[in-house]
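Listed below, chain by chain, are the residues.
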Amino acid sequence: MQTTTFVFPGIAYDLEYQQEWVKVHTCGISIHPDSIKHIIYCQSDEATISCCQDHRQSLVIKHIRDEWNPYVFHIRHGVRCFHYNATLKLLVTGCSHKVYIWNPVVTKIYLAKLEGHKNSVVDVRIFEHFNLVISISKDEVLKVWSLNTYVCLQTIQFDFPVYNVLGKSVEFSARTFYPGPIIKQPPEEQASLKSIDASNITSVQTSVYMPKLVILNTSI
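Residues numbered from 1 in each chain as written. Predicted model: local features only at pLDDT ≥ 70, side-chain atom pairs only at ≥ 80, totals over all residues. Heavy atoms only, no water.

**Points about the pattern of salt bridges**
The criterion, for reference: In the sections that follow, a salt bridge refers to a side-chain nitrogen of Lys or Arg positioned within 4 Å of a carboxyl oxygen of Asp or Glu.
Tallying each qualifying case throughout the model produces five salt bridges. With a closest N to O distance of 3.0 Å, Arg 56 and Asp 54 form a salt bridge. Linking Lys 62 and Asp 66 is a salt bridge whose minimum nitrogen-to-oxygen distance equals 2.6 Å. Within this structure, Glu 46, Arg 65 and Glu 67 form a network of salt bridges that share partners.

**Points about the side chain of His 32**
Condition: Helix and strand definitions follow DSSP, with helices as H or I runs of at least four residues and strands as E runs of at least two, each counted in order from the N terminus. For every residue, the accessible area (1.4 Å probe, protein chains only) is compared with the maximum for its type, and the residue is labelled buried under 20%, exposed over 50%, or partly exposed between those bounds. In the analysis that follows, any N or O atom pair within 3.5 Å is treated as a polar contact, provided that within protein one partner can donate a hydrogen and the other can accept it, and provided that, for residues neighboring in sequence, both atoms belong to side chains. Any two residues having at least one pair of non-hydrogen atoms within 4.5 Å are treated as being in contact.
Position of His 32 relative to the elements: it lies in the loop between β2 (22-26) and β3 (38-42). For His 32, a relative accessible area of 9% corresponds to the buried category. Within the local environment of His 32, its side chain forms a polar contact with the side chain of Ser 50, the two groups lying 2.7 Å apart. Among all residues touching His 32, those that are not within four sequence positions of it are Ser 50, Cys 51, Cys 52, Gln 57, Ser 58, Leu 59 and Val 60.

**Observations regarding the pairing of strand β11 (residues 121-127)**
Heads up, the rule is: For two strands to pair, DSSP has to find at least two bridges joining them.
Burial analysis of β11 places seven of its seven residues in the buried class, the great majority of the element. Here six bridges tie β11 to strand β12 (residues 132-137), and the two strands are oriented antiparallel to one another. What sits directly across from Asp 123, in β12, is Ile 136. Counted along the chain from β11 to the antiparallel partner β12, the turn is four residues long, and its residue Asn 131 has a positive phi close to 55°.

What follows is the structure in structure tokens.
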């Protein structure tokens, strides 16, 4: 099966030798004035979202076939990380010591500014089922924010063994948060379909799936 991939100049070089498996579409115009820190493809909107740490064109949402004008965000200190949730239509960015929440089609003003980190934010993630945003900064501080009130609900200070030991420091990758395995009730605690009298059912409560959070980092 052949896969179509939309990439930016410089990324396509190695893929040109994989024409049997990948079809490459190159964007011929400059998207960012600085190196791209993170890029994703949003299938539901047929668009790419990318960011850089320059205050000009810090984050760009661009349709892969240019069917509409790109949404360009100019953000002071640029954007190191972001997370987009297509269901909630929310965009969260990590910019220096702050976390911003945006309507992805409104580039001039943010919905909320979340302050409290004392070091650069290295990753953010939206948890739509719990109406939460989590962020982690370079000094190993994780914060949990409410999407209802935009206040910090919890602060967790991690203590990685290598931090400040023999001159070493923690180096976070571009993606720090990874959803882990799904947690659900053991099979013996779940009702059997054969034991349910369908005639008496007015509403059925659905199971809540809570992904574990895995934080990855490398030390240098």
